Amino acid sequence: MDKSKVISAYRRGFITFRECGQILGVEDVQLKRLVQLEENRLAFPQSGQRIGS
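Scope of this entry: the structure provided in the associated data block.

Each value, and the rule that gives it
- Residues numbered from 1 in each chain as written.
- Predicted model: local features only at pLDDT ≥ 70, side-chain atom pairs only at ≥ 80, totals over all residues.
- Heavy atoms only, no water.
- Salt bridge = Lys/Arg side-chain N within 4 Å of Asp/Glu carboxyl O.
- Helix = DSSP H or I, 4+ residues; strand = E, 2+ residues; numbered from the N terminus.
- Buried < 20%, exposed > 50% of the residue type's maximum accessible area, 1.4 Å probe, protein only.
- Contact = heavy atoms within 4.5 Å.
- Polar contact = N/O pair within 3.5 Å; in protein donor to acceptor, adjacent residues only side chain to side chain.
- Axes fitted to C-alpha atoms, helices over the stretch in contact; angles between N-to-C directions.
- Parallel < 35°, antiparallel > 145°, perpendicular 65-115°, else oblique.
- Nonpolar A, V, L, I, M, F, W, Y, C, P; charged D, E, K, R; others polar.
- Core = buried A, V, L, I, M, F, W, Y, C linked by side-chain atoms within 4.5 Å.
- Expected span 1.5 Å × (residues − 1).

Some words on the pattern of salt bridges
Item 1. Here the structure, examined in full by the defined rule, presents two salt bridges.
Item 2. Put simply, Arg41 and Glu38 hold a salt bridge, and the shortest N to O gap is 2.5 Å. Within this pair, Arg41 and its partner Glu38 are both found in helix H3 (residues 28–43), separated by three residues, close to a single helical turn.

The following block contains the structure:
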């Protein structure tokens, strides 16, 4: 499963933080960093990156 979809499910409240980490196979510290990176990616899309679905 795509990591951004798993993180999105966590952010929407469909799964817990721990479940998110288990699905992605990462520890808490790594997961916090991944969530932060995903939030930054959504807040500041790179040029040429399509916004939306």
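Observations regarding the side chain of Glu38
Item 1. Note on Glu38: relative accessible area 7%, which makes it buried.
Item 2. Discounting chain neighbours no more than four positions away, the residues touching Glu38 are Ser4 and Ile7.

A short note on the side chain of Ser4
Item 1. Inspection of the secondary structure puts Ser4 in helix H1 (residues 3–11).
Item 2. Looking at Ser4, its side chain comes within polar contact range of the side chain of Asp2, at 2.7 Å.
Item 3. Aside from chain neighbours lying at most four places away, what touches Ser4 is Glu38 and Arg41.

Observations concerning the packing of H1 against H3
Item 1. Taken N-terminus to C-terminus, the directions of H1 and H3 make an angle of 95 degrees; their axes are 10 Å apart at the nearest point. The orientation of H1 relative to H3 falls into the category roughly perpendicular. Residues Lys3, Ser4, Ile7, Tyr10 and Arg11 of H1 lie in contact with H3, whose contacting residues are Leu34, Val35, Glu38, Glu39, Arg41 and Leu42.
Item 2. Residue classes in the contact of H1 with H3 are distributed as five nonpolar, one polar and five charged.

Here's the deal with H1
Item 1. Inspection of H1 places Ser4, Val6, Ile7 and Ala9 among the buried residues, and these make up the whole buried set.
Item 2. Positive backbone phi, at 90 degrees, marks Gly13, one or two positions downstream of H1.

Points about the nonpolar core
Item 1. Of all hydrophobic cores here, the largest spans eight residues; its members are Val6, Ile7, Ala9, Ile15, Cys20, Leu31, Leu34 and Val35.
Item 2. Taken together, the elements giving at least two residues each to this core come down to H1 and H3.

Details of H3
Item 1. Relative to the 22 Å expected for 16 residues at 1.5 Å per residue, H3 spans 22 Å between its end C-alpha atoms, a close match to the ideal helical length.
Item 2. If you follow the buried residues of H3, they end up packed against H1 and helix H2 (17–24).

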